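# Survey of secondary and tertiary structure
Given next are the chains, with one letter for each unit.
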Amino acid sequence: MVHLKEVVKAEEGEIYDIELEADLLKANEELATKNRELLNKHGVMAIDVMGSIGSGKTTLIEKLVQVLKKKYRIAVFKGDLTTTIDAERIGRHGVQVFNINTGRECHLDANVVARAVERISLEDIDLLFIENVGNLICPAEFPLGTEKRVVVVSVT
Ligand SMILES: Nc1nc2c(ncn2[C@@H]2O[C@H](COP(=O)(O)OP(=O)(O)O)[C@@H](O)[C@H]2O)c(=O)[nH]1
Ligand SMILES: [Mg+2]
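Residues numbered from 1 in each chain as written. Chains lettered and ligands numbered in written order. Predicted model: local features only at pLDDT ≥ 70, side-chain atom pairs only at ≥ 80, totals over all residues. Heavy atoms only, no water.

## A word on the packing of aromatic side chains
Between two aromatic rings, the relevant description is the distance of the centres plus the angle of the planes. Heads up, the rule is: Any Phe, Tyr or Trp ring, taking Trp's six-membered ring, that has another such ring centre within 6.5 Å forms a pair; planes under 30 degrees apart are called stacked, those over 60 apart edge-to-face, and the others tilted. Numbering of helices and strands starts at the N terminus; helices are DSSP runs of H or I of at least 4 residues and strands are runs of E of at least 2.
Using the criterion set out here, one finds one aromatic pair in the structure. When the centroid spacing of 5.9 Å and the interplanar angle of 85° are considered together, the rings of Phe77 and Phe98 count as edge-to-face. One end of the pair, Phe77, is in strand β2 (residues 74–80); the other, Phe98, is in strand β3 (residues 96–101), with 21 residues separating them in the sequence.

## A few points about the side chain of Asn35
Note the following rule: Only heavy atoms matter for contacts: two residues are in contact if any of them lie within 4.5 Å across the pair.
Mapped onto the secondary structure, Asn35 falls in helix α1 (residues 18–41). Beyond its immediate stretch of four places on either side in the chain, Asn35 contacts Ala110, Val113, Ala114, Leu144 and Gly145.

## Let's talk about the coordination of the magnesium ion (ligand 2)
Definition in use: Metal coordination here is assigned from N, O and S atoms located within 2.8 Å of the ion, or within 3.2 Å for Na, K and Ca; omission of water means that sites may look incomplete. Each residue is assigned to one of three classes by its accessible area relative to the maximum for its type, calculated with a 1.4 Å probe on protein chains only: buried under 20%, partly exposed between the two thresholds, exposed over 50%.
Within the protein, Thr58 (OG1), Asp86 (OD) and Glu131 (OE) serve as the donor atoms for the magnesium ion (ligand 2), at 2.0 to 2.2 Å. If you list the donors of the magnesium ion (ligand 2) from N- to C-terminus, the spacing comes out as T-x27-D-x44-E. You can see Thr58 sitting in helix α2 (residues 57–68) and its partner Asp86 sitting in helix α3 (residues 85–91), a full 28 residues away along the chain. Note on Thr58: relative accessible area 6%, which makes it buried.

## Focus on the sheet that holds strand β5 (residues 148–151)
Operational definition: Any two strands with at least two DSSP-identified bridges between them are counted as paired. For helices, the fitted line uses only the C-alpha atoms of the stretch in contact; every axis is such a line through C-alpha atoms, and the angle between N-to-C directions lies from 0 to 180 degrees.
Judged by pairing direction, the sheet is parallel, and its five strands sit side by side in the order β3-β2-β4-β1-β5 without closing on themselves. Both outer strands of the open sheet, β3 and β5, are each paired with one neighbouring strand and no more. Mean inter-strand twist for the sheet, computed between neighbouring axes without regard to direction, equals 20°. Lying over the sheet, helix α4 (residues 110–117) contacts β2, β3 and β4 (127–131), oriented at roughly 140° with respect to β2.

## Focus: the side chain of Ser55
Inclusion rule: For this analysis, a polar contact is any N or O atom pair within 3.5 Å, provided that within protein one partner can donate a hydrogen and the other can accept it, and provided that sequence-adjacent residues contribute only side-chain to side-chain pairs.
Inspection of the secondary structure puts Ser55 in the loop between β1 (45–50) and α2. Looking at Ser55, its side chain comes within polar contact range of the main-chain oxygen of Ser52, at 2.9 Å. Polar contacts involving the side chain of Ser55 include one to the main-chain carbonyl oxygen of Val152, which spans 3.3 Å. In this structure, Ser55 is in contact with Val152 and Ser154, ignoring residues within four places of it in sequence.

## Describing the pattern of salt bridges
Formally: Salt bridge, as applied in this entry: a Lys or Arg side-chain nitrogen positioned within 4 Å of an Asp or Glu carboxyl oxygen.
Inspection of the entire model under this criterion finds seven salt bridges. Among the ionic pairs, Lys26 bridges to Glu30, the shortest N-O distance being 3.1 Å. One end of the pair is Lys26 and the other is Glu30, both in helix α1 and four residues apart, which spans about a single turn. Glu62 is the partner of Arg89 in a salt bridge, and the nearest nitrogen-oxygen pair spans 3.0 Å.

## Focus on α2
Worth spelling out the cut-off: A helix is expected to reach a length of 1.5 Å times the quantity of its residues less one. The directions from the helix axis to the C-beta atoms are what the arc is built from.
Between the first and last C-alpha of α2 there are 16 Å, a value that for 12 residues agrees with the 16 Å anticipated at 1.5 Å per step. Regarding α2, the residues found buried are Lys57, Thr58, Ile61, Glu62 and Val65. Summarising the axial view, the buried residues of α2 lie within an arc of 130°, below the 170-degree limit, and thus occupy one face. Projecting away from the buried face of α2 at angles above 90 degrees are the exposed residues Lys63 and Val67.

Any functional reading would require information beyond the geometric quantities listed.
Rendered as structure tokens:
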């Protein structure tokens, strides 16, 4: 038996932060363009790896790092709310890893990525993997300035 009584749907204008969101997304896109230009200038191929918690993002990066580190100089950014567990997993494969703790934010944004990019020597990197915060929805709205965006999906 179905007990769903009613679906309450937000009407246009009922969500108060629409204008703020538009400004925020625009500001992020401008910063993402700057990141992309900087990475392109140094010949760094950056890949934003997105997907739900547990979908296999870290595992995929670990496997790719194992195969590709012989040929390319790799750095990894790992976006995480509070921990460094994934960063440590990836770091065991002998590539440089920068953990980005987002605190309460459910996604990385172009600004925090720009701050991490400042910490790497771009001349010494060919490939940059960015593991986004485990979340299938929020990261989609915040391009980081990467060349590619990959979504990892786990299905039954
Ligand atoms: N069977 C199977 N397990 C996987 C695969 N990829 C990842 N896992 C497992 O799924 C769990 C979550 O993977 P993880 O890479 O940490 O996911 P993340 O949260 O997206 O980074 C771990 O126990 C992995 O060993 C896969 O392709 N096949
Ligand atoms: Mg992970």
